[in-house]
Amino acid sequence: MGARVIDGRALAEELKEQVLLEAKELAVRGIRPGLATVLVGEDYAAQAYERRVGRLAAQLGCRYVCERLPQEAEEADVLAVVGKLNADPRVSGILVLRPLPQQVSEPAIFRMLNPLKDIEAVHPVNAGLLALGRARYVPSTPAACFYLLDRYLERSGRLPEEFYSRSTVVVVGRSNNVGKPAVSLGFARNATVISCDVNTYRAGRLREHTLRADALIVAAGVAGLIDQSYVREGVIAIDVGINPVRDPKGSGRVTLVGDLDFQSVARKAEALTPVPGGVGPITDVWLLKNTVAAARWISSSWGSNGSPPAVG
Ligand code: NAD
């Protein structure tokens, strides 16, 4: 295996230092960023994410609150919580954790968010700005993918802007939270971008597209979907997938694996990210980076009478 493994944990530590500095600069001005999460139900992955960002907020000196609602909460209950957080001057960024229960409409909740506090860019205004290449906030997981790519390119002696303008970036997965914004970020870097989803796979055409990738971002949520037959020599591969799999030897242990068949892809890749320890740690820190940015935005636009900013 000649491929280099991109160490997301080490890069996340560096990013954390940077965010800490930004938070300290705000502290000098008497501003303390505040993150609020909204957790509806007891999804295991959402709870784990909530705990991680809560710990990180504390480490970075940010306020943190988690609003918990039961699985059977009505949409109106969730809207009321979001409305309360919108109006709370101590809260700069709001993360609505997925999944939401069936009776709660995701678009309705996202539309309720104050766009200045919408640190995952899920409000239509922020999603639109991102698609137009004028992002207010870059959502954390796709941001993490390009953060890893950009740092890797720089550290291997290349200028990211030169690399992207000559390269094909293939994104596998087209969700609103990962795949689509990753495509927009590729466009923003002047890359040629190809977007594939499950329909591409079902049509039997996934491989022909992934084989064109100079940089491959995989966010399908299918364990080991991409093996070496899907990639060309020298690809840089970013694995977003987090898939729990049971130990095949029957111990009952559950481990997390990505969408790349790591050992197989590593035979051909120039570099690739591991799972865990790749995209995930950067995603967590990026959320806090956006929280700090939100505190900065809000401090300059909050009404002098204490009213929350009204923005589109
Ligand atoms: P999602 O289910 O919302 O979307 C999955 C996308 O992949 C869809 O567009 C679907 O069409 C596509 N897809 C599914 N099977 C495919 C196949 N065989 N071939 C091609 N495309 C296929 O999922 P999501 O929220 O985008 O998350 C994707 C994965 O990333 C999941 O494993 C999730 O746990 C993980 N994730 C990781 C992080 C992180 O920080 N590391 C953050 C968010 C999501």
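Shown above is the structure to which this text applies.
Along each chain, residue indices are assigned from 1 in the same order as the chain's sequence is written. Selection of residues for local features in this predicted model requires a pLDDT of at least 70, selection of side-chain atom pairs for listing and counting requires 80 or more, and totals for whole chains, interfaces and linings are taken over all residues. Values reported for side chains reflect all heavy atoms of the structure, with hydrogen atoms and water molecules removed beforehand.

Draft legend 1. How the structure looks around the layout of surface pockets. Definitions used for this entry: grid spacing 1 Å over protein atoms alone; cavity, a set of points where a 1.4 Å probe fits but cannot get out; pocket, an open set with protein on both sides within 12 Å along at least 5 of 7 lines; lining residue, one with an atom within 4 Å of a point. Grid points are joined across faces, edges and corners, and a volume is the space filled by probe spheres set on the points. In this structure, the second largest pocket encloses a volume near 190 Å³. Residue lining of the second largest pocket: 13 residues in total, with Ile-31, Arg-32, Pro-89, Ala-295 and Ile-298 positioned closest to the centre. Ten residue types, Ala, Val, Leu, Ile, Met, Phe, Trp, Tyr, Cys and Pro, are classed as nonpolar, four, Asp, Glu, Lys and Arg, as charged, and the remainder, Gly among them, as polar. For the lining of the second largest pocket, the residue count by class is 6 nonpolar, 3 polar and 4 charged.

Draft legend 2. Highlighting the sheet that holds strand β3 (residues 63–69). Pairing between two strands is assigned when DSSP locates at least 2 bridges connecting them. For helices the rule is a DSSP run of H or I covering at least 4 residues; for strands it is a run of E covering at least 2, with both sets numbered from the N terminus onward. Reading across from one edge, β3-β2-β4 is the order of the 3 strands in this open sheet, with parallel pairing throughout. Whereas interior strands pair on both sides, the edge strands pair on one side only; in this sheet they are β3 and β4 (93–96). Here the strands of the sheet are splayed against their neighbours by 15° on average, with no regard to which way each runs. Across 7 bridges, strand β2 (residues 34–40) lies against β3 in parallel orientation. From the neighbouring strand, Ala-36 faces β3, where its bridge partner is Val-65. Contacts: residue pairs with any heavy atoms within 4.5 Å of one another. Angles run from 0 to 180 degrees between N-to-C directions of axes, and those axes are lines fitted to C-alpha atoms, restricted for helices to the stretch in contact. Relative to the sheet, helix α2 (residues 44–59) contacts β2, β3 and β4, its axis offset from that of β3 by approximately 160°.

Draft legend 3. Just the nonpolar core, in detail. Formed by 59 residues in total, the largest nonpolar core has its most connected members in Phe-146 and Ile-217. With 10 residues, the single largest contributor to this core is helix α12 (residues 279–301). We call a set of buried residues a nonpolar core when its members are Ala, Val, Leu, Ile, Met, Phe, Trp, Tyr or Cys and they connect through side-chain atoms within 4.5 Å of each other. Only protein chains enter the calculation, and the probe is 1.4 Å; a residue is then buried if its accessible area is under 20% of its type maximum, exposed if over 50%, and partly exposed in between. Ranked by size, the runner-up nonpolar core spans 20 residues in total, among them Val-170, Ile-194, Leu-206 and Ile-226.

Draft legend 4. Broad picture of the packing of aromatic side chains. Put simply, two rings from Phe, Tyr or Trp (the six-membered ring, in Trp's case) pair if the centres are within 6.5 Å, and we call them stacked under 30 degrees between planes, edge-to-face over 60, tilted for the rest. On inspection of all chains with the given rule, the structure shows 3 aromatic pairs. Residues Tyr-147 and Trp-286 carry aromatic rings whose centres are separated by 6.1 Å and whose planes lie at 65° to one another, so their mutual orientation is edge-to-face. With a gap of 139 residues between them, Tyr-147 in helix α6 (residues 140–155) and Trp-286 in helix α12 connect regions that are remote in the sequence. In this structure, Tyr-147 and Trp-286 share a single accessibility class: buried. Between Phe-163 and Tyr-164, the ring centres sit 5.5 Å apart and the planes meet at 80°, which makes this aromatic pair edge-to-face. With respect to burial, Phe-163 and Tyr-164 carry one shared label: buried. Chaining the aromatic ring pairs together yields one cluster made of Phe-146, Phe-163 and Tyr-164. Geometry around Tyr-147 places Arg-151 over its ring, the cationic atom sitting 4.7 Å from the centre. A ring is considered to have a charge above it if a Lys NZ or an Arg CZ atom is located within 6 Å of its centre and within 35 degrees of its normal.

Draft legend 5. Just the pattern of salt bridges, in detail. One speaks of a salt bridge when a side-chain nitrogen belonging to Lys or Arg is within 4 Å of a carboxyl oxygen belonging to Asp or Glu. Within the structure shown, the criterion is met by 16 salt bridges. In this structure, the salt-bridge partner of Arg-296 is Glu-22, at a minimum N-O distance of 3.6 Å. Here Arg-296, found in helix α12, pairs with Glu-22, found in helix α1 (residues 8–28); they are 274 residues apart in sequence, far enough to count as distant. By relative accessible area, which is 34% here, Arg-296 ends up partly exposed. The class for Glu-22 is buried, based on a relative accessible area of 14%. The partner of Glu-50 in a salt bridge is Arg-68, and the shortest N-O contact between them spans 3.4 Å. Here the residue Glu-50 occupies a position in helix α2, and Arg-68 occupies one in strand β3, the gap between them amounting to 18 residues. What makes Glu-50 buried here is its relative accessible area of 5%. Salt bridges linked by common partners bring Glu-22, Lys-289 and Arg-296 together as one network.

Draft legend 6. Fine view of the site of the ligand. Residues in contact with the ligand amount to 23 residues; listed here are only the nearest, Arg-174, Ser-175, Val-198, Ile-242 and Thr-283. Whenever a nitrogen or oxygen atom comes within 3.5 Å of another N or O atom, the pair is scored as a polar contact, on the condition that within protein one atom can donate a hydrogen and the other can accept it, and that pairs from neighbouring residues in sequence are kept only if both atoms are in side chains. Taking Ser-175, its side chain carries an N or O atom lying 2.5 Å from an oxygen atom of the ligand. Computed on the free molecule, the ligand has an accessible area of 850 Å², of which 74% lies beneath the protein chains in the complex. Of all the elements in the fold, those that place two or more residues in the shell around the ligand are α9 (198–202) and α12. The greatest single-element share of the shell around the ligand, amounting to 3 residues, is contributed by α12. Along the lines of polarity and charge, the residues of the shell around the ligand split into 12 nonpolar, 9 polar and 2 charged. Each residue is tested against the molecule or strand, and it is near if at least one of its non-hydrogen atoms lies within 4 Å. Accessibility throughout is a Shrake-Rupley quantity obtained with a 1.4 Å probe, and a residue counts as covered only by protein chains that appear here.

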